[in-house]
Amino acid sequence: MPKLTQVKKWLQEKEVDAFLISKPEHCFYLSGFTGTSGCLVITNSLEKNFLITDFRYQEQATEQAKGYDLVLWKETLFQTLGELFQQYGLKKVGIDQAEITLATYEKLKKNLVDVALFPLSDPCVALRKIKSIEELKLLKKAIEISDKAFLHILEFIHPGLTEKEIALELEFFMRRLGGTKMAFETIVASKNRAALPHGVASSRVVQTGDLVLMDFGTVYQGYHSDLTRTIVLGEPDALQEERYKLVLKAQEAVLQEIQPGMRACEADALARNIIAEAGYGKNFGHSLGHGVGLEIHESPSLSPRDATILEPGMVLTVEPGIYISGWGGIRIEDMVVITPGGCERLTKSPQVFKV
Ligand SMILES: [Mn+2]
């Protein structure tokens, strides 16, 4: 069923006349509009749906959002919305409870006469969990760029470089291959800094024997990639080796056993139990993974608190890690798509440890 039809069906269930789609990623998902200012009004029973934006995006919106009636706001967006709702008799309007700020809510209430607002969860959140064939193609393209960047960095990296120089090289490389921007701030954290799960690159110089944790990704036509590898420059010591093997074992168990019908929290437990049994339970302080798509973190989350039932077409990271203050940390992250029989690993980077 087309996405828009599903949203319309949802509007009937919720018994509202329209829903205001305000989050840019959701607007893009439904309409193809890439502008950063604007919103969609999806109506329950009218033939029309609207894209409201300003004059800067007129041409772009006409070209991208085919099938939507374009409305350009003049004085304020809120005033124009008020007029639109009145003109078409839209009296019960759903708004995105996760995105509308209190300030925006006040402005809406002030400008919308005789309109009742219903805070709801945007239906795109649920729809976006399952990726279409087209979305998977774009995700694979973003992933291919980061895989190539990892192979490149294996050749490039050597003692004497700063973390920032390594991060910059990754970023240049991904941009050259067509990545439009970084998926998030590139993490290069060496030695004891690797104990910071989100340690962005610093001016620390990497040395022989250091653990170097690199977590990076790019964006291709709106879709994100996310990859982590932890390497040792030179010979790993016994403890580095032992802990690396443990994290890899936990990840492999998940890749083997994750499948549709399993709950997100059960997938998390597969890795968490292995790490806990080895005595490092307290050192794995984050979720196993998260959905990836138009956003770097999206639903569902592979966390002990997410009971979502996994379904084919979900794209997730699997990224167990252990972090020990003063020593360092190890994380291994790959992206997978859930398939009818289990999962397919999308990231193809080798599990290299010793460089
Ligand atoms: Mn991640």
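Refer to the structure above for everything that follows.
Residues numbered from 1 in each chain as written. Predicted model: local features only at pLDDT ≥ 70, side-chain atom pairs only at ≥ 80, totals over all residues. Heavy atoms only, no water.

**Concerning the coordination of the manganese ion**
To keep it simple, the criterion reads: Only nitrogen, oxygen and sulfur atoms within 2.8 Å of the metal, or 3.2 Å for Na, K and Ca, are treated as donors, and water is left out, so sites may look incomplete. Only DSSP runs of H or I reaching four residues or more are called helices, and only runs of E reaching two or more are called strands; each is numbered from the N terminus.
Ligation of the manganese ion by protein atoms is provided by Asp 226 (OD), His 290 (NE2), Glu 319 (OE) and Glu 333 (OE), these donors lying 2.1 to 2.4 Å from the ion. Sequence positions of the donors to the manganese ion reduce to the motif D-x63-H-x28-E-x13-E. Of this pair, Asp 226 sits in the loop between β11 (223–224) and β12 (227–232) while Glu 333 is found in the loop between β17 (328–331) and β18 (334–339), placing the two residues 107 residues apart along the sequence.

**Notes on the state of the cysteines**
Condition: For the purposes of this analysis, a disulfide is any pair of cysteine sulfur atoms at a distance within 2.5 Å. Any residue under 20% of the maximum accessible area for its type is buried, any over 50% is exposed, and the rest in between are partly exposed; the area is computed with a 1.4 Å probe on protein chains only.
In total, this model carries 0 disulfides according to the counting rule given. For Cys 39, which is in no disulfide, the shortest distance to another cysteine sulfur is to Cys 27 and amounts to 6.6 Å. Judged by relative accessible area, Cys 39 falls into the buried class, the value being 3%. Take Cys 343: it sits in no disulfide, and the sulfur closest to it among the cysteines is that of Cys 265, at 17 Å.

**With respect to the nonpolar core**
The criterion, for reference: To qualify as a nonpolar core, a set must consist of buried Ala, Val, Leu, Ile, Met, Phe, Trp, Tyr and Cys residues joined through side-chain atoms within 4.5 Å. It only takes one pair of heavy atoms within 4.5 Å for two residues to be counted as in contact.
Grouped together as the largest cluster of nonpolar side chains are 34 residues, with contacts concentrated most on Val 254, Ile 258, Leu 288, Leu 302, Leu 310, Leu 316 and Val 318. For this core, the secondary structure elements donating two or more residues are α9 (238–257), α10 (264–277), β15 (315–318), β16 (321–324) and β18. Among the elements that make up this core, the one with the highest residue count is α9 (8 residues). Non-local contacts of Leu 288, meaning those with residues more than four positions away in its chain, are made with Val 254, Ala 267, Asp 268, Ala 271, Arg 272, Leu 302, Thr 317, Val 318, Glu 319 and Pro 320. Counting residues in each nonpolar core, the second largest holds 33 residues, with Ile 21, Cys 27, Tyr 68 and Tyr 223 among its members.

**Here we look at the packing of aromatic side chains**
Stated precisely, the cut-off is as follows: Here is the rule: rings of Phe, Tyr and Trp (six-membered ring for Trp) pair when centre to centre is within 6.5 Å. Planes less than 30 degrees apart are stacked, more than 60 are edge-to-face, and the remainder are tilted.
What the rule picks out here adds up to 4 aromatic pairs. Arranged with centres 5.8 Å apart and planes meeting at 85°, the rings of Phe 33 and Tyr 57 form a pair that is edge-to-face. Residue Phe 33 is found in the loop between α2 (24–31) and β2 (39–43), and its partner Tyr 57 is found in the loop between β3 (50–53) and α3 (58–64); the two are separated by 24 residues along the sequence. Residue Phe 33 is classed as buried on the basis of its relative accessible area, which comes to 2%. Here the aromatic rings of Tyr 244 and Phe 353 are separated by 3.9 Å at their centres, their planes lie at 15°, and the arrangement is stacked.

What is shown is where atoms sit, not what they do.
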